[in-house]
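What follows is each chain in one-letter form.
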Amino acid sequence: MCPKEALRNKMSKHFAQTQSQFIGPLLISLITFSVVLVYWPTFYDLILEGKSTGNYTHRIFVMPIFLIAIWRIRFDLGLQPVKPCWLGLLALFAGGALWLVGELAFIQVLRNLAAILMLAMAILTILGYRWFVTAIFPLFFLVFAVPFYGPIVPFLVDLTAAFAFNALQFSGVLVYREGPYFELSSGRWSIVDACSGIEYLSAVTMFATLFAWTVFDENRKRVAFVAGAIVLGIIGNWLRAYLTMLIAHVTGNQFLRESHGTFGWYLFAVLLFFYCMAGWNLRNDSVKSAANGAPEMAFTRGAAATVGGSWQLVLVCICTLLVILAWPFLRTTLSQASRTETVQIPRIKTAGGWIETSNNQTDWKPALTNPTRQSVQTFERRGTQVSVHFGLFANEDWHSKLVSSVNKLVDSESRKWSVVSTSRTNLTLAGRAIRPKTGSIVGGQQRVVAWHWYSVNGQPTADDFQAKLWQLSSRLRGEADVGVWVALSTPITGSDQSAESVLRDFAESLGPQLVWPLEETHLE
């Protein structure tokens, strides 16, 4: 072979290898861009979460880390053949259906997770199983962009409050606790949702997962490291809450009384630093070699990526695009078909000896976000008093939802009111059995017992899932979108049990009016 031909072959081989390291990130980037473009409102919330409030979190880094992780495995991706997986269309279709349900029912977590699932399934469908397996970690990492930890917040609040109370007592601090409500000689504290440490736990878990994937080769070590980080996140928040109250107490509230969020992040940064240092010492030999300057061996396996069956690839791309485009179109069609009506809250008529009064013994009211209308009526009978709170939600959108974690008996940021205990009770309204949520509420010298349930198009329920299901069914049928957040409250003058008896007697006396049937709704 002549020198020129050898040089030409060498340059061709080098070009093919250079081209191969870019084909993986390029193809995945094109698919990602296409899905993000079609579902831009959803991914906008994922990528720029907190932009509307200016309260950015660690989740804003998830998408950049995803792209960096794809680039990091570019050599492995370049070795994989492109073989479309037609079964991926079924999973893509299921992801689209879940996204539509999340959109129509205004369930943000379901919508966001479905969008990420569709992105992953689009890659599986077009590029094939080997590409999907190779890129499984970057695709899984996108899940951290979704704040799906909400259901465990009350559990974390209870654990944090219990630890802080016991730790303060052990430290010799005189403290009285009622639920998440603390009374110290230096002031009052309450462990609210923001004190659950869920953001710290989420950040620690996300960073630990990235660290474990980068440093360890064995899945056993990766799982163990992330599990340890979760424990660190939970216990670290216990220490944060305890130290915050202790430092504020011993310094006469000169430090950490008003603003202690920054202290928490500093504490977790220190804990995570030492935890990662311990993990770094347990890293794999291959990582140690790379850290000591060993050259990276690229393209020592196989040949560059190949694309087989061009017509098959074109066809699967078209089918994938059609499935991706179908769901936003269906969402728009169903939204236009839904009835939009303006409604008013009807006045409850007196019954069973209950007489309406304007003299409300408490100023408590539920914390509702952007209801269409809100009203309160107070009734008296033989020295007892009950208030009826209605929050009307008609023609819902993402900023005004009947069933939402931001609608609650007491705002988690409230400095006056605190829910000290919650439970469920059995109640029959107009022949329908429901299990309202109950709460004992404290605010200064005032104590209140409140019951809460929903009424969706005239059907009462205290189950969040059931209410969402009824709303979704109404929207799919193009019916009116009307829901009511109902709460009964009464001041506690004796025991909680006597207050609950008052609420039960009131509900049984005025039950038909509390069901809120749609035919009694006044349309403007």
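All values reported here derive from a predicted model rather than from experimental measurement.

1. Regarding the overall build of the protein chain
The number of helices and strands found in the protein chain is 17 helices and 15 strands. Sorting the 524 residues of the protein chain into buried and exposed places 47% on the buried side. Counting only contacts in the protein chain whose residues sit at least 6 apart along the sequence, the fraction spanning at least 24 positions is 72%. Here the protein chain has roughly 26,500 Å² of accessible surface; of this, 62% comes from carbon and sulfur atoms.

2. Some thoughts on the pattern of salt bridges
All told, the structure shown has ten salt bridges when counted by the stated rule. A network of salt bridges, in which partner residues are shared, links D45, E103, R111 and R331.

3. A short note on a nonpolar patch on the surface
There is a patch of nonpolar side chains on the surface, built from V270, F273, F274 and M277 and spanning about 420 Å² of accessible area. Note on placement: F274 falls in helix α12 (residues 261-281).

4. A word on the environment of W40
Along the chain, W40 turns up in helix α2 (residues 40-47). It is 9.9 Å that separates the C-alpha atoms of W40 and A115, two residues lying 75 residues apart in sequence.

5. Some remarks on the pairing of strand β14 (residues 482-491)
Of all the ten residues making up β14, ten are buried; the element is thus mostly covered by neighbouring parts of the structure. Burial along β14 is two-sided: V482, V484, V486, L488 and T490 facing one way and G483, W485, A487, S489 and P491 facing the other are all buried. Pairing of strand β7 (residues 384-394) with β14 involves eight bridges; the strand directions are antiparallel. Note on β14: the bridge partner recorded for L392 is V484.

6. Brief notes about the packing of helix α3 (residues 62-72) against helix α10 (residues 198-215)
Where α3 contacts α10, the two axes come as close as 13 Å, and the packing angle between them is 5°. Classified by the angle between their axes, α3 and α10 sit roughly parallel to one another. For the pair formed by α3 and α10, the contact residues are V62, I65, A69 and R72 on the first element and M206, L210, W213 and T214 on the second.

7. Quick notes on helix α5 (residues 88-105)
The terminal C-alpha atoms of α5, which comprises 18 residues, lie 26 Å apart, in line with the 26 Å expected from a rise of 1.5 Å per residue. Restricting attention to buried positions, one finds in α5 the residues G88, L89, L92, G95, G96, W99, L100, G102, E103, L104 and A105. Positive backbone phi, at 55°, marks F106, one or two positions downstream of α5.

8. Brief notes about the side chain of N237
When you line up the elements, N237 lands in helix α11 (residues 219-250). When sequence neighbours within four positions are dropped, the list of residues in contact with N237 reads T160, C195, S196, G197, Y200 and F268.

9. Digging into the nonpolar core
By size, the foremost hydrophobic cluster in this structure holds 77 residues, and its most contacted members are I28 and F182. Tallying contributions element by element places helix α6 (residues 108-127) first for this core, with twelve residues. Of all hydrophobic cores here, the second largest spans 31 residues; its members include V386, L392, F506 and L514.

10. Examining the packing of α2 against α6
Running from N to C, α2 and α6 point in directions that differ by 100°, and their axes come no closer than 10 Å. Classed by the angle they form, the pair α2 and α6 counts as roughly perpendicular. Contact residues: T42, F43, D45 and L46 in α2; Q108, R111, N112, A115 and I116 in α6. Residues that form the contact of α2 with α6 fall into these classes: four nonpolar, three polar and two charged.

11. Here we look at empty space enclosed by the protein
A water-sized probe, rolled over the atoms, reveals where empty space remains. Scanning all chains against the criterion turns up four cavities of 30 Å³ or more. In this structure, the largest cavity encloses a volume near 50 Å³. If you go around the largest cavity, the residues you meet are L46, I47, R59, V62, M63, I116, L142 and A145. Those elements that provide at least two residues to the lining of the largest cavity are α2 and α3.

12. Digging into the sheet that holds strand β3 (residues 187-190)
Spatially, β1-β2-β3 is the arrangement adopted by the three strands of the open sheet, whose pairing is antiparallel. Looking at strand neighbours, the two that pair on one side only are β1 (175-178) and β3, the edges of this open sheet. On average, each strand axis in the sheet is tilted by 20° relative to the strand beside it, whichever way the strands run. Inspection of the sheet shows β1 paired to strand β2 (residues 181-184) by four bridges, in the antiparallel sense. Residue pairing in the sheet places Y176 in a bridge with E183 of β2. Helix-sheet contacts for helix α9 (residues 153-170) involve β1 and β2, and the interaxial angle to β1 is about 160°.

13. Topic: the packing of aromatic side chains
All chains considered together, the criterion is met by 19 aromatic pairs. Ring plane angle 65° and centroid distance 5.0 Å describe the contact between F93 and W327, whose orientation is recorded as edge-to-face. Of this pair, F93 sits in helix α5 while W327 sits in helix α14 (residues 310-337), placing them 234 residues apart in sequence. In this structure W327 comes out as buried when scored by relative accessible area, which is 9%. Residues F163 and W238 carry aromatic rings whose centres are separated by 5.2 Å and whose planes lie at 25° to one another, so their mutual orientation is stacked.

Definitions and cut-offs
Residues numbered from 1 in each chain as written. Predicted model: local features only at pLDDT ≥ 70, side-chain atom pairs only at ≥ 80, totals over all residues. Heavy atoms only, no water. Helix = DSSP H or I, 4+ residues; strand = E, 2+ residues; numbered from the N terminus. Buried < 20%, exposed > 50% of the residue type's maximum accessible area, 1.4 Å probe, protein only. Contact = heavy atoms within 4.5 Å. Areas by Shrake-Rupley, 256 points an atom, 1.4 Å probe, with all protein chains shown as cover. Salt bridge = Lys/Arg side-chain N within 4 Å of Asp/Glu carboxyl O. Patch = residues over 30% accessible without salt bridge, like charges linked within 9 Å, V, L, I, M, F, W, Y side chains within 5 Å. Pairing = 2+ DSSP bridges. Axes fitted to C-alpha atoms, helices over the stretch in contact; angles between N-to-C directions. Parallel < 35°, antiparallel > 145°, perpendicular 65-115°, else oblique. Expected span 1.5 Å × (residues − 1). Core = buried A, V, L, I, M, F, W, Y, C linked by side-chain atoms within 4.5 Å. Nonpolar A, V, L, I, M, F, W, Y, C, P; charged D, E, K, R; others polar. 1 Å grid on protein atoms, 1.4 Å probe; cavity = no way out; pocket = protein on both sides within 12 Å on 5 of 7 lines; lining within 4 Å. Points joined across faces, edges and corners; volume = space filled by probe spheres on them. Phe/Tyr/Trp six-rings, centres within 6.5 Å; stacked < 30°, edge-to-face > 60°.

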